[in-house]
Amino acid sequence: MRYVIIFCVALFSVGCRKSRIIATARENAKQYALARCECEKLARQGREAEQGPCLDEMQQARRFLMFNLEMGKVSEKEQNEIHAYGEKVYRECLEAAGN
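Asks: Sorry if this is basic, but what is going on with the nonpolar core here?
Replies: The nonpolar side chains of soluble globular proteins are, as a tendency, buried together. With eight residues, the main nonpolar core is built from Ile 21, Ile 22, Ala 25, Ala 29, Leu 65, Leu 69, Val 74 and Ile 82. For this core, the secondary-structure elements that each account for two or more residues are helix H1 (2–44) and helix H2 (52–71). Here this core gets four residues from one element, more than from any other, and that element is H1. If we ignore the near neighbours within four places in the chain, the residues touching Leu 65 are Ala 25, Asn 28, Ala 29, Ile 82 and His 83. Among the nonpolar cores identified, the runner-up in size contains six residues, and Cys 37, Val 89, Cys 93 and Leu 94 belong to it.

Asks: What's the story with the environment of Glu 87 in this structure? I'm lost.
Replies: Here Glu 87 is to be found in helix H3 (residues 76–96). Classification of Glu 87 as partly exposed rests on a relative accessible area of 34%. For the pair formed by Glu 87 and Lys 30, sequence separation is 57 residues and the distance between their alpha carbons is 8.4 Å.

Asks: Can you help me understand the packing of aromatic side chains in this one?
Replies: To describe a pair of aromatic rings, one takes the distance between the centres and the angle between the planes. Under the counting rule described, the total for this entry stands at zero aromatic pairs. We note Arg 26 situated over the ring of Tyr 85; from NZ or CZ to the ring centre the distance is 3.8 Å. Above the plane of the ring of Tyr 90 lies Arg 36, whose end atom (NZ or CZ) is 3.7 Å from the centre.

Asks: Got a minute to help me understand the side chain of Gln 51 in this structure?
Replies: Tracing the chain through its elements places Gln 51 in the loop between H1 and H2. Residue class for Gln 51 comes out buried when judged on its relative accessible area of 13%. Among the polar contacts made by the side chain of Gln 51, one reaches the main-chain carbonyl oxygen of Cys 39 at a distance of 2.8 Å. Not counting chain neighbours up to four residues away, the residues in contact with Gln 51 comprise Cys 39, Leu 42 and Ala 43.

Asks: Quick question: what am I supposed to make of H3 here?
Replies: For an α-helix, the turn length of 3.6 residues means that residues three or four places apart are oriented alike. Between its first and last C-alpha, H3 extends 30 Å over 21 residues, near the 30 Å set by a 1.5 Å rise per residue. Three or more residues of H3 are buried, namely Ile 82, Gly 86, Val 89, Tyr 90, Cys 93 and Leu 94. The arc that holds every buried residue of H3, seen down its axis, measures 135°, which confines them to one face. Residues of H3 that are exposed and point more than 90 degrees away from the buried face comprise Glu 76, Lys 77, Glu 95 and Ala 96.

What counts and what doesn't
- Residues numbered from 1 in each chain as written.
- Predicted model: local features only at pLDDT ≥ 70, side-chain atom pairs only at ≥ 80, totals over all residues.
- Heavy atoms only, no water.
- Core = buried A, V, L, I, M, F, W, Y, C linked by side-chain atoms within 4.5 Å.
- Buried < 20%, exposed > 50% of the residue type's maximum accessible area, 1.4 Å probe, protein only.
- Helix = DSSP H or I, 4+ residues; strand = E, 2+ residues; numbered from the N terminus.
- Contact = heavy atoms within 4.5 Å.
- Phe/Tyr/Trp six-rings, centres within 6.5 Å; stacked < 30°, edge-to-face > 60°.
- Lys NZ or Arg CZ within 6 Å of the ring centre and 35° of its normal.
- Polar contact = N/O pair within 3.5 Å; in protein donor to acceptor, adjacent residues only side chain to side chain.
- Expected span 1.5 Å × (residues − 1).
- Arc of directions from axis to C-beta.

On their own, these measurements won't tell you what the molecule is for.
As structure tokens, this is what we get:
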């Protein structure tokens, strides 16, 4: 009986870990999308020289996102959903800015 409980706890913790990785990856995709949106808004205003901080944010968010996807062994379907979420955030940001 004790081994069954240990097995169940181990199985449950793996499932929770996977959902945390996916949630973190979604958050990193969101951060990337928002930084990308900010860079796009600056570019449309002709302020390319001011894009340094948002480009740095994009690079950092992308690096963290790739780490989450690779180390978390996220399936291709889940990766596509995460990237689609990021694209949705990006489009909504541009729409909110009136672009």
